Each structure stands twice: as structure tokens, then as C-alpha cells.
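Take a look at the letters that make up each chain.
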Amino acid sequence: YEFCFQKKFGQNFLIDGHVLDKIIAGAGVTKDDMVLEIGPGIGTMTQYLAEAAGKVVAVEIDRNLLPILQETLADYDNVKVIHADVLSLDLEKLVQEENGGRPIKVVANLPYYITTPIIMALFEQHVPLANVTVMVQKEVADRMKSGSKDYGALSLAVQYYAEPYIVANVPCNCFMPRPNVDSAVIRLTRYEEPPVQVKDEKMLFKIIRASFNQRRKTLQNGLNNSSELNFTKDQIAAAIAEAGFSPSVRGEALTLEQFAKLT
Ligand code: SAM
């Protein structure tokens, strides 16, 4: 097919069957499930998913992979390939159309450049989800698992929405071409009830994003400079004081509970 790997699409294809078995088992895919696969590549994991799931919808951005997928998935009548940028899709509508609005499972060897936006979008847009099982950079998986805030808004979104579990560590030689870093598969199982309660969840995440957009700045400046929020300086200062934080506190120092309180 004269296919060339495209770095800009994060194309590192899995070439290790054991890892594929672990991912499918870790995601707990059964014939009752519809699975959304983000970035099927040449369809290696898609075939495993098609064997295990009732239905697979695979979204691939690179048009050069479409003829290859047509060949590698020809034997499966339960797979639908959609040519699109997953970040531009209305995923809630997709789940409505393809699974009658019932919760789906997401399984993906994610292109690293979309790790944060896609995980945030899946949870924040309230796409009906049972779990999300994704290959990400090992460092990112470890931070999601430990709740470390070095990875900013993503770690807090994971704490708020899901229970994390590391399914497998995957060394870089399991891919072609080899990435520079090791990877890990993490499963995020959606909570029925979040661990903290807020009146306005969208506001919570606007505040969290604003706090992490400008690291090393004070919380007050971060919130003031956010394009998503339009409070006055005085309102922000008053809210920070009322929540019991110092005026010079930095956003990255706050826990999820403290962000909820401020919200
Ligand atoms: N699933 C395959 C595997 O495990 O070998 C390929 C994984 S590769 C890391 C990432 C895949 O996602 C590539 O096929 C790439 O073209 C695709 N991709 C990258 N950005 C995308 C986007 N925004 N929307 C949909 N697919 C994307």
C-alpha cells in the first residue's frame, strides 16, 4: 500500500500479541459491548476487539490507512470504520446512533498528542461510558494512578470521574516504529457518583483548567486571566478568601476537594 508512518498522527503500531491479549482482558470486553476504538492503525487491535465485542466502531484520521483496514477487517461484519478526527466528533451522538445510548467501552492505543483532550472530552461531555482502557505514556499513566498533579487538569479529571487501574506496562520494543518512551495501559472505570459534590461541574473544570494553564502563577492570576471565566478581580479574591486559602496560593497546590470548595 506504499504506507508511510506519519509522526504527526502518533503512529506507533503495536506488534506484540501478548500485550493485545492483556488489553482486551483488562478492558473486560464481552459480546454485549460496543467498543469505540480510537485510531485503529492497520487494524491489529481492531481484529482482537471484533472477536471479543458485539460491535466495534473504529475512528481513524489517516485516509492512507483506510484501504489497509478494508483488507485487514474484511472478515468481520461487526466492525464499522469512520474516517474522522475523533476530537471533532459528537461522541454522545455517536453512542446514541450506534448503541442506542447505552454505555460503551473505549479501547485505544492513543496517539500521545491527544491523550489529555480525548480523555477530558469523554468524561466532560458525559459520553455514556462503562470504562476507558488506553495505552498512554507510562509516566502519564503513573501520574493518573497516583493522583499526582504534575499532569495538571487530567489528573484531577481522572480523580473526579474514574477509578484508575494499571493493566500493563509496555516497553517501547512492542511497537513499530519504536517510540522514545515506555508506555502503560490504564483502565479508567467511571464512578457512578463523583467523590466530591459541586453544584456546577462545568465551572469546576473551568476553574481547574484556568489554574493549570498558568503554572507558577497565583491561583488569583490564573483565574483572572482565563478566557473561560469572567469574574472580576475582586470577586475572585473574595472567593479565595472565603474558601479559606491564602491570596498567594498557587492553583497547583489545591486538592480536588479544595477546588470543589472554591467552585
Ligand atoms: N491501534 C493501532 C495499534 O495499536 O497498533 C494504532 C495505534 S497508533 C499509536 C495511533 C493511531 O491513531 C494511528 O493509526 C493514527 O493515525 C490515529 N490517529 C491519530 N490522531 C487521531 C485522531 N485525532 N483521530 C482519530 N485517529 C487518530
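Coordinates for the structure precede this section.
These lines cover the structure that appears in this document, whether it is placed above or below. Note that residues are indexed from 1 along each chain, following the sequence as it is written. Where totals are concerned, whole chains, interfaces and linings use all residues; where local detail is concerned, this predicted model gives features only for residues with pLDDT of at least 70, and gives and counts side-chain atom pairs only at 80 or more. Calculation of side-chain values draws on the structure's entire complement of heavy atoms; hydrogens and water are dropped beforehand.

## Describing the overall build of the protein chain
In this text, helices come from DSSP runs of H or I with a minimum length of four residues, and strands from runs of E with a minimum of two, each type numbered from the N-terminal end. When helices and strands are tallied, the protein chain shows eleven helices and nine strands. With C-alpha atoms as the basis for the radius of gyration, the globule rule is written as 2.2 Å multiplied by the number of residues raised to the power 0.38. Its C-alpha atoms give the protein chain a radius of gyration of 20 Å, near enough to 18 Å, the size a compact globule of 263 residues would have. On the principal axes, the C-alpha backbone points of the protein chain span a range of 65 × 40 × 30 Å. Note on exposure labels: buried denotes an accessible area under 20% of the residue type's maximum, exposed denotes more than 50%, and partly exposed covers the range between, all computed with a 1.4 Å probe on protein chains only. When each of the 263 residues of the protein chain is scored for burial, the buried share is 48%. In what follows, residue pairs with any heavy atoms lying within 4.5 Å of each other are defined as contacts. Of the contacts made within the protein chain by residues no fewer than 6 positions apart, 67% connect residues no fewer than 24 positions apart.

## Here we look at the site of the ligand
A molecule or strand has a residue near it when one of that residue's heavy atoms lies within 4 Å. Around the ligand, 21 residues are found, and the nearest of them are Leu14, Gly39, Glu60, Asp85 and Tyr113. Two N or O atoms count as a polar contact when they lie within 3.5 Å, although within protein this holds only if one can serve as hydrogen donor and the other as acceptor, and sequence-adjacent residues are included solely when both atoms are side-chain atoms. Here a nitrogen atom of the ligand and a backbone polar atom of Gly39 are 2.8 Å apart. All accessible-area figures derive from a Shrake-Rupley calculation using a 1.4 Å probe, and residue coverage is judged against the displayed protein chains alone. Within the complex, the protein chains bury 99% of what would otherwise be the 600 Å² of accessible surface of the ligand. When residues of the shell around the ligand are traced back to their parent elements, those giving at least two are strand S1 (13–14) and strand S3 (55–60). Here the shell around the ligand is built from residues that sort into eleven nonpolar, six polar and four charged. Residues are grouped as follows: Ala, Val, Leu, Ile, Met, Phe, Trp, Tyr, Cys and Pro are nonpolar; Asp, Glu, Lys and Arg are charged; all remaining types, including Gly, are polar.

## Focus: the pattern of salt bridges
The salt bridge definition used is simple: a Lys or Arg side-chain nitrogen within 4 Å of an Asp or Glu carboxyl oxygen. A complete count under the given rule lists seven salt bridges for this structure. Of the charged contacts, one joins Glu98 and Lys80 as a salt bridge, the two residues approaching to 2.6 Å between their closest N and O atoms. Linking Glu98 in helix H4 (residues 91–99) with Lys80 in strand S4 (residues 79–83), this pair joins segments that are 18 residues apart in sequence. Residue Glu98 is classed as buried on the basis of its relative accessible area, which comes to 13%. What makes Lys80 partly exposed here is its relative accessible area of 37%. With a shortest N-O distance of 2.8 Å, Arg209 and Glu124 are connected by a salt bridge. Of this pair, Arg209 sits in helix H8 (residues 201–213) while Glu124 is found in helix H5 (residues 115–124), placing the two residues 85 residues apart along the sequence. Under the relative-accessibility criterion, Arg209 is labelled partly exposed at 23%. The exposure class assigned to Glu124 is partly exposed, which follows from its relative accessible area of 22%. What emerges from the salt-bridge pattern is a single network uniting Lys55, Lys80 and Glu98.

## Considering empty space enclosed by the protein
Which parts of space are left empty comes out when a probe the size of a water molecule is rolled across the atoms. For each structure, a 1 Å grid was placed over the protein atoms alone; sets of points admitting a 1.4 Å probe that cannot get out are labelled cavities, open sets with protein on both sides within 12 Å along at least five of seven lines are labelled pockets, and lining residues have an atom within 4 Å of a point. Grid points are joined across faces, edges and corners, and a volume is the space filled by probe spheres set on the points. Enumeration according to the criterion identifies one cavity of 30 Å³ or more in this entry. Along the walls of the largest cavity sit 30 residues, with Gly10, Ile38, Gly39, Asn109 and Pro111 positioned nearest its centre. When residues of the lining of the largest cavity are traced back to their parent elements, those giving at least two are S1, strand S2 (34–38), helix H2 (44–52) and S3. Here the residues of the lining of the largest cavity are counted per class, giving 20 nonpolar, seven polar and three charged.

## Considerations on the nonpolar core
What tends to happen in soluble globular proteins is that the nonpolar side chains get buried as a cluster. Definition used in this section: a nonpolar core is a set of buried Ala, Val, Leu, Ile, Met, Phe, Trp, Tyr and Cys residues joined via side-chain atoms within 4.5 Å. Grouped together as the largest cluster of nonpolar side chains are 62 residues, with contacts concentrated most on Leu36, Ile38, Ile118, Ile119, Met144, Leu188 and Ile208. With sequence-adjacent residues up to four places away left out, Leu36 is seen in contact with Val57, Val59, Leu91, Leu94, Ile104, Lys105, Val106 and Val107. In terms of nonpolar packing, the next biggest core, distinct from the first, is built from 28 residues, Leu65, Leu73, Val167 and Cys174 among them.

## Some details on the layout of surface pockets
A volume near 280 Å³ is recorded for the largest pocket. Forming the boundary of the largest pocket are 14 residues, of which Lys7, Gly10, Asn12, Pro179 and Asn180 lie nearest the centre. Considering only residue class, the lining of the largest pocket consists of six nonpolar, six polar and two charged. What lines the second largest pocket is simply Met203, Ile207, Leu223, Leu229, Phe231, Gln235, Ile236, Ala239, Ile240, Leu262 and Thr263. Elements supplying a minimum of two residues to the lining of the second largest pocket: H8 and helix H10 (233–242). Looking at the lining of the second largest pocket element by element, the count peaks at four residues for H10. Considered class by class, the residues forming the lining of the second largest pocket number nine nonpolar, two polar and no charged.

## Thoughts on unusual backbone geometry
Cis geometry is adopted by the peptide bond preceding Pro177, which originates at Met176 and carries an omega value of -15 degrees. Position of Pro177 among the secondary structure elements: in the loop between strand S8 (175–176) and strand S9 (183–190). Although it is not a glycine, Glu2 adopts a positive phi angle of roughly 50 degrees. Structurally, Glu2 is set in the segment before S1. Phi is positive for His126, close to 55 degrees, though the residue is something other than glycine. Along the polypeptide, His126 turns up in the loop between H5 and strand S6 (129–137).

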